[in-house]
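Examining the three-dimensional arrangement
For reference, the chains in residue letters:
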Amino acid sequence: MKLRIQPKTRFSAHVEIDGICRGTLPLRVLLQYYPAEFAGEVGSAEVEDLLKLLRDQAFNLLVDYLAKAEHSEWQCRNFLKRKNFEDSIIEGCLARCRKLNYLNDKRFSELLVSSYLERRASKRAIIAKLREQRISETIWSPLLERLYDPKQASGGLSELLQKYCLSHRGLPRNKLKEKAFSHLFRKGFELEDIRAAWESLDGE
């Protein structure tokens, strides 16, 4: 098999096997086996040793990434792709982290939904964020159903509308209504909910 080691930075290098980049390793690790730049034939045992080093490196990087904050599986996959690891190594790392419960899209979804509800985000905006993370609807739909309180959301919308109207109170009434509706709709609130909040505000 053809092995090529090509420095990426002062501290790391790409590892190519048969013309495919399998990942990146620290030079301090590679220098125990090969020079900083290497190109030549190696046996299957040497390749397996390198693949094990790459798997361990990818796993350690992912564990450090998850230790700093909860992340979705999609975020973790992209993180390892940016480190130039091949798909089979990435999927192996994800599976290992799922098994150890370091990685859990249900747990991530619950944190995301709770966080956005605290910010008074609209249901549509929350769903958009969940879909952006490529999380299956079968995971987040029951969570959103359990955590989303329409009455609380209505109160949050009314508060946002009041704040917006206060900060734009110099506008003519019709212009204020138009801009408020547009602003809140862009935030993901439904027009009928905005209309109800506006009518409630008008009735005060």
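Now for a description of the structure that goes with this document. Every value quoted in this text rests on a predicted model; they were computed, and no experiment measured them.

1. Some remarks on the sheet that holds strand 3 (residues 20-26)
- Taking strand neighbours across the sheet as the criterion, the 4 strands line up as 3-2-1-4 in an open arrangement whose pairing is antiparallel. The sheet is open, and its two borders are formed by strand 3 and strand 4 (38-41), each paired with just one other strand. If you compare each strand with its neighbour and ignore which way they point, the axes differ by 20° on average.
- Across the sheet, helix 2 (residues 44-68) touches strand 1 (2-7), strand 2 (12-17) and strand 3, and the angle it forms with strand 3 is around 65°.

2. Observations regarding unusual backbone geometry
- The backbone of Asn-84 sits at a positive phi, close to 70°, despite the residue not being glycine.
- By the secondary structure assignment, Asn-84 is in the loop between helix 3 (73-82) and helix 4 (87-99).
- With phi around 65°, Asn-101 is a residue other than glycine that occupies positive phi space.
- Turning to its location among the elements, Asn-101 is positioned in the loop between helix 4 and helix 5 (105-118).
- You can call Asn-101 partly exposed: its relative accessible area is 40%.

3. Quick word on the nonpolar core
- Ranked by size, the top nonpolar core spans 29 residues in total, and within it Leu-3, Val-15, Leu-62 and Leu-80 carry the most contacts.
- Counting residues per element, the ones that place at least two in this core are strand 1, strand 2, helix 1 (27-30), helix 2, helix 3 and helix 4.
- For this core, the leading source of residues is helix 2, giving 9 residues.
- The contact partners of Leu-62, leaving out residues within four places of it in the chain, are Cys-76, Phe-79, Leu-80, Cys-93, Leu-94 and Cys-97.

4. Details of the packing of helix 5 against helix 6 (residues 123-132)
- Two elements in contact, helix 5 and helix 6, have axes whose closest approach is 10 Å; the angle formed by their N-to-C orientations is 150°. Judged on the interaxial angle alone, helix 6 and helix 5 are roughly antiparallel. Considering only the axes of helix 5 and helix 6, their crossing is right-handed. Within the contact between the two elements, helix 5 uses Ser-109, Leu-112, Val-113, Tyr-116 and Leu-117 and helix 6 uses Ile-126, Lys-129 and Leu-130.
- For the contact of helix 5 with helix 6, a count of residues per class yields 6 nonpolar, 1 polar and 1 charged.

5. Examining the packing of aromatic side chains
- Applying the stated criterion across every chain, the model contains 2 aromatic pairs.
- Over the ring of Phe-59 we find Arg-96, and its NZ or CZ is 3.6 Å from the ring centre.
- One cation-aromatic arrangement involves Arg-119 over Tyr-116; the distance from NZ or CZ to the ring centre is 4.3 Å.

6. Some thoughts on the side chain of Glu-86
- Secondary-structure assignment places Glu-86 in the loop between helix 3 and helix 4.
- The class of Glu-86 is buried, set by a relative accessible area of 18%.
- Setting aside residues up to four positions removed in sequence, Glu-86 forms contacts with Cys-21, Arg-22 and Leu-51.

7. Thoughts on the pattern of salt bridges
- Counted by the stated rule, this structure contains 11 salt bridges.
- Across the salt bridge formed by Glu-86 and Arg-22, the nearest N and O atoms sit 3.5 Å from each other. Highlighted residues: Glu-86 in the loop between helix 3 and helix 4 and Arg-22 in strand 3, separated in sequence by 64 residues. We note that Glu-86, like Arg-22, is buried.
- When the shortest N-O distance is used, the salt bridge between Arg-107 and Glu-70 registers 3.0 Å. With Arg-107 in helix 5 and Glu-70 in the loop between helix 2 and helix 3, this residue pair connects regions lying 37 residues apart in the sequence.
- Among the charged side chains, a network of salt bridges with common partners joins Glu-73, Arg-77, Glu-91 and Arg-98.

8. Some remarks on helix 4
- End to end, helix 4 covers 18 Å across 13 residues, agreeing with the expected 18 Å (1.5 Å per residue, within 8%).
- Residues of helix 4 that are buried include every one of Ile-89, Ile-90, Cys-93, Leu-94 and Cys-97, and no others. For helix 4, the angular spread of buried residues about the axis comes to 135°, placing them on one side. Exposed side chains of helix 4 directed beyond 90 degrees from the buried face belong to Asp-87, Ser-88 and Lys-99.
- Here the buried face of helix 4 lies against strand 3, helix 2 and helix 3.

Cut-offs used in this document
Residues numbered from 1 in each chain as written. Predicted model: local features only at pLDDT ≥ 70, side-chain atom pairs only at ≥ 80, totals over all residues. Heavy atoms only, no water. Pairing = 2+ DSSP bridges. Helix = DSSP H or I, 4+ residues; strand = E, 2+ residues; numbered from the N terminus. Axes fitted to C-alpha atoms, helices over the stretch in contact; angles between N-to-C directions. Contact = heavy atoms within 4.5 Å. Buried < 20%, exposed > 50% of the residue type's maximum accessible area, 1.4 Å probe, protein only. Core = buried A, V, L, I, M, F, W, Y, C linked by side-chain atoms within 4.5 Å. Parallel < 35°, antiparallel > 145°, perpendicular 65-115°, else oblique. Left-handed = near helix turned anticlockwise from the far one by under 90°. Nonpolar A, V, L, I, M, F, W, Y, C, P; charged D, E, K, R; others polar. Phe/Tyr/Trp six-rings, centres within 6.5 Å; stacked < 30°, edge-to-face > 60°. Lys NZ or Arg CZ within 6 Å of the ring centre and 35° of its normal. Salt bridge = Lys/Arg side-chain N within 4 Å of Asp/Glu carboxyl O. Expected span 1.5 Å × (residues − 1). Arc of directions from axis to C-beta.

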